[in-house]
Each structure stands twice: as structure tokens, then as C-alpha cells.
Amino acid sequence: MTKIISVTNQKGGVGKTTTCFNLAAYLADGGKKVLVIDMDPQGNASTSLGIELDEDANTIYDALLGDIKLEESIYPSCVKNLDIIPSNEDLADAEVNLVYTENREKVLKEQLDKIKNRYDFVFIDCPPSLGLLTVNALTASDSIIVPIQCEFFALVGLSQLMNTVRLIKKNLNPNIEIEGVLLTMKDNRSNLVAQVSEEIKTYFKAKVYDTYIPRNIRLAESPSHGKPILLYDNKSKGAKAYQDLCAEFLKRQQQ
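As a convention, each chain's residues are numbered from 1 in the sequence order in which they are written. The predicted origin of the model limits local features to residues at a pLDDT of at least 70 and limits the giving and counting of side-chain atom pairs to 80 or more, whereas totals for whole chains, interfaces and linings rest on all residues. For side-chain calculations, the full set of non-hydrogen atoms in the structure is used, while hydrogens and water are omitted.

Undergrad: Which parts of the structure should I look at to understand the overall build of the protein?
TA: Under the DSSP-based scheme used, a helix requires at least four consecutive residues in state H or I and a strand at least two consecutive residues in state E, with every element numbered from the N terminus. Each helix and strand in the protein was counted, giving eleven helices and eight strands. Each radius of gyration is computed over the set of C-alpha atoms, and the globule rule expresses the reference value as 2.2 Å times the number of residues to the power 0.38. Its C-alpha radius of gyration of 17 Å places the protein within 12% of the 18 Å reference for a compact globule of 255 residues. Principal-axis analysis of the C-alpha atoms places the extent of the protein at approximately 50 × 40 × 35 Å. Each residue's exposure class comes from its accessible area (1.4 Å probe, protein chains only) as a fraction of the maximum for that residue type: buried when under 20%, exposed when over 50%, partly exposed otherwise. The burial tally for the protein puts 53% of its 255 residues in the buried class. Only the protein chains shown count as cover for residues, and all accessible areas are computed by the Shrake-Rupley method using a 1.4 Å probe. As displayed, the protein offers around 12,100 Å² of accessible surface, 47% of which is attributable to carbon and sulfur atoms. None of His or the chain ends enter the tally, which takes Lys and Arg as positive and Asp and Glu as negative. Taken as the charge location is NZ of Lys, CZ of Arg, CG of Asp or CD of Glu. Looking at the protein, you have 29 positive and 34 negative side-chain charges, and the mean spots of the two groups are 10 Å apart.

Set out below in C-alpha cells:
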């Protein structure tokens, strides 16, 4: 049975996209059939998985507007078993163009329902905002993963995200749940990091993954080479962290 997961946090720079494509890559490397949907107009998940688009390439934007079927925008990534539906800057216009569309919050869900059974997991990389693109992603999802950077402002705006999830659950998708909360860019030498981590664990309790993602240069470098950390440097600390996250993620699925 397919599970659809949005990776979301309206605060930018928290490791959202990095988590989306690296977790997907390790799941695919372990034999799972995985699809990543890039719903961020920056298109970073697409380029990080080795996708280079020409002007005529199909993207999630074309599918959301109904110009093509969703399956026509699927490309193989640089990782075996991992496909991606890419995006580019055109997607920034989608929110305006979808305003007058009937059931505009469910456009992605209606298209995704037709192809999701091809995959074990579908990950949606959401933009760092709570607009119509994110609403579409949450409406289509079974659960969300929330990456949170271990810093002073980590919890700022988080209540807004949780309120959005509650509204989605009430009005559009009663089944959506929090899959997990992931601490990212963690530096254990800092007392502030320890305090913030404890606050997050108090707030989200068992939803917080035991695995955390450390600050790691190799992890930061890999997207510029069009590769997930799995292919760029599988021996790095960042790679080990995402390997561990993948194992913990799968263990939770069994539970």
C-alpha cells in the first residue's frame, strides 16, 4: 500500500529539501519504489537528483494546470528505483492560475490517485510557505515529516504550520497525521541546541525521530553536484545520519 508523505516547514533553510531527496534515495537504494514530487518553484529537489530540464520538459506545473497527465511528467532520477516529477520557476505562477479552478485544493490528489499504486512511497517536497501548493500537497498526503533546525527561532511559526494541518484535517483530509519531526543541522557542542531540542521533544513527544541530522559539509556540497549524499559521499557523517533515519523510518512503518 502506497504512503504519501509531505516534507514541510514554512520556514526556509531547515533542511526540508535535503531530507526529502536523501531519505527517498536511501529508501530506493534499499529496494523500495519511490517517487519524489518537487512542489517547490526553486526546483532544488529536481537538480539534486540529477534532473536537467530543457524548455520543453514536462513538469508538475503542466500537470497541475491539466495540460498533461501527471504520469507524463515522471522522470527517472540518478538513483535506481527513484523517480521524480520535477519543477522549475514556472511553478511560482501556479497559485494564481489555480485560483479559479474547481476543487483547487485537490488538483494534485486527484491526479496522484491515478498513479500512486506504482510506488511504495511518494515524497512531496513542499515550498517554504503555506499557500495553495502546500495545501495541495497536504490534501494529497497521508502524513507529514517536519524538519526543524536546532536554533532559537526553530519554534517560531511552527504553531501556524500545525494550525494549517488541523484545518486541512478538518476540512480537506481527515486522515493526515504527523509522520515524524526531524532535528536538523544539529551541533551538540551548543547549550542552546540542547535546550531547543528538549523544547521540541516536549512539544512533539514520540513523534521526534531519535536520529538527528548534523551539520556536515559533504551534505551541503552534494546538491551542487546533482547527487544525493548516497552517491556523493556515502561514508560522510551526513550520509550515516540519513542511513540511520531511513532505518528508523522503516522500523516505524512496521510498528
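Structure's up, so let's keep going.
Undergrad: How do you make sense of the environment of asparagine 22 when you look at a structure like this?
TA: Residue placement: asparagine 22 occurs in helix α1 (residues 16-29). For the pair asparagine 22 and leucine 130, spaced 108 residues apart in sequence, the C-alpha separation works out to 23 Å. Here a polar contact is taken to be a pair of N or O atoms separated by no more than 3.5 Å, where protein atoms must pair a possible hydrogen donor with a possible acceptor and residues adjacent in sequence count only if both atoms sit in side chains. Only 2.9 Å separates the side chain of asparagine 22 from the backbone oxygen of threonine 18, close enough to count as a polar contact.

Undergrad: Any chance you could explain the pattern of salt bridges here in plain terms?
TA: Where side chains of opposite charge bring their charged atoms close, a pairing between them can arise. By convention in these notes, a salt bridge is any Lys or Arg side-chain nitrogen within 4 Å of a carboxyl oxygen on Asp or Glu. Under the criterion given, the structure shown has 13 salt bridges. Two residues, lysine 3 and glutamate 179, come together in a salt bridge whose shortest N-O distance is 2.8 Å. With a gap of 176 residues between them, lysine 3 in strand β1 (residues 3-7) and glutamate 179 in strand β7 (residues 177-186) connect regions that are remote in the sequence. On the accessibility criterion, lysine 3 (23% relative accessible area) is partly exposed. The residue lysine 116 makes a salt bridge to aspartate 113 at a minimum N-O spacing of 3.4 Å.

Undergrad: Got a minute to help me understand the sheet that holds strand β4 (residues 82-85) in this structure?
TA: Backbone hydrogen bonds are what pair the strands of a sheet, in a parallel or an antiparallel way. In this scheme, strands are said to pair when DSSP sees at least two bridges between them. Here eight strands make up an open sheet; going across it, the order is β3-β4-β2-β5-β1-β6-β7-β8 and the pairing mixed. At either end of the open sheet lies a strand with only one pairing partner, and these are β3 (75-76) and β8 (208-214). As paired strands, β3 and β4 are joined by two bridges and run antiparallel to one another. Bridge pairing in β4 links proline 76 to aspartate 83. The sheet strands contacting α1 are β1, β2 (34-38), β4, β5 (121-125), β6 (143-149) and β7, and the helix crosses β5 at an angle near 165°. Only heavy atoms enter the contact rule, under which two residues are in contact if any of them lie within 4.5 Å. Orientation is described by lines fitted to C-alpha atoms, with helices fitted over the stretch in contact, and by angles between N-to-C directions that extend from 0 to 180 degrees.

Undergrad: Explain the packing of helix α6 (residues 132-140) against helix α7 (residues 158-171) to me, please; I cannot follow it from the model alone.
TA: Packed helices, taken two at a time, are described by their axes: the angle between them and the distance between them. For the pair α6 and α7, interaxial distance at closest approach is 10 Å and the crossing angle is 55°. Taken together, the axes of α6 and α7 lie oblique to each other. Handedness of the crossing formed by α6 with α7: right-handed. Counted together, Val135, Leu138 and Thr139 of α6 and Thr164, Val165 and Ile168 of α7 form the full contact between these two elements. Gly counts as polar in this scheme, as do all residues outside two lists: the nonpolar Ala, Val, Leu, Ile, Met, Phe, Trp, Tyr, Cys and Pro, and the charged Asp, Glu, Lys and Arg. Classifying every residue of the contact of α6 with α7 by side-chain character gives four nonpolar, two polar and no charged. Here roughly perpendicular refers to angles of 65 to 115 degrees, roughly parallel to angles under 35, roughly antiparallel to angles over 145, and oblique to all remaining angles. By the definition used in this description, the sense in which the near helix is turned from the far one sets the handedness, with an anticlockwise turn below a right angle giving left-handed and a clockwise turn giving right-handed.

Undergrad: Sorry if this is basic, but what is going on with α1 here?
TA: Residues spaced three or four apart along an α-helix face the same direction, because each turn holds 3.6 residues. For a helix, the expected span equals 1.5 Å multiplied by the residue count minus one. The terminal C-alpha atoms of α1, which comprises 14 residues, lie 20 Å apart, in line with the 20 Å expected from a rise of 1.5 Å per residue. In terms of residue burial, α1 counts as a mostly covered element, since twelve of its 14 residues are buried. Buried residues of α1: Lys16, Thr17, Thr19, Cys20, Phe21, Asn22, Leu23, Ala24, Ala25, Tyr26, Leu27 and Ala28, and no others. Where α1 terminates, the next one or two residues include glycine 31, which has phi positive at roughly 105°.

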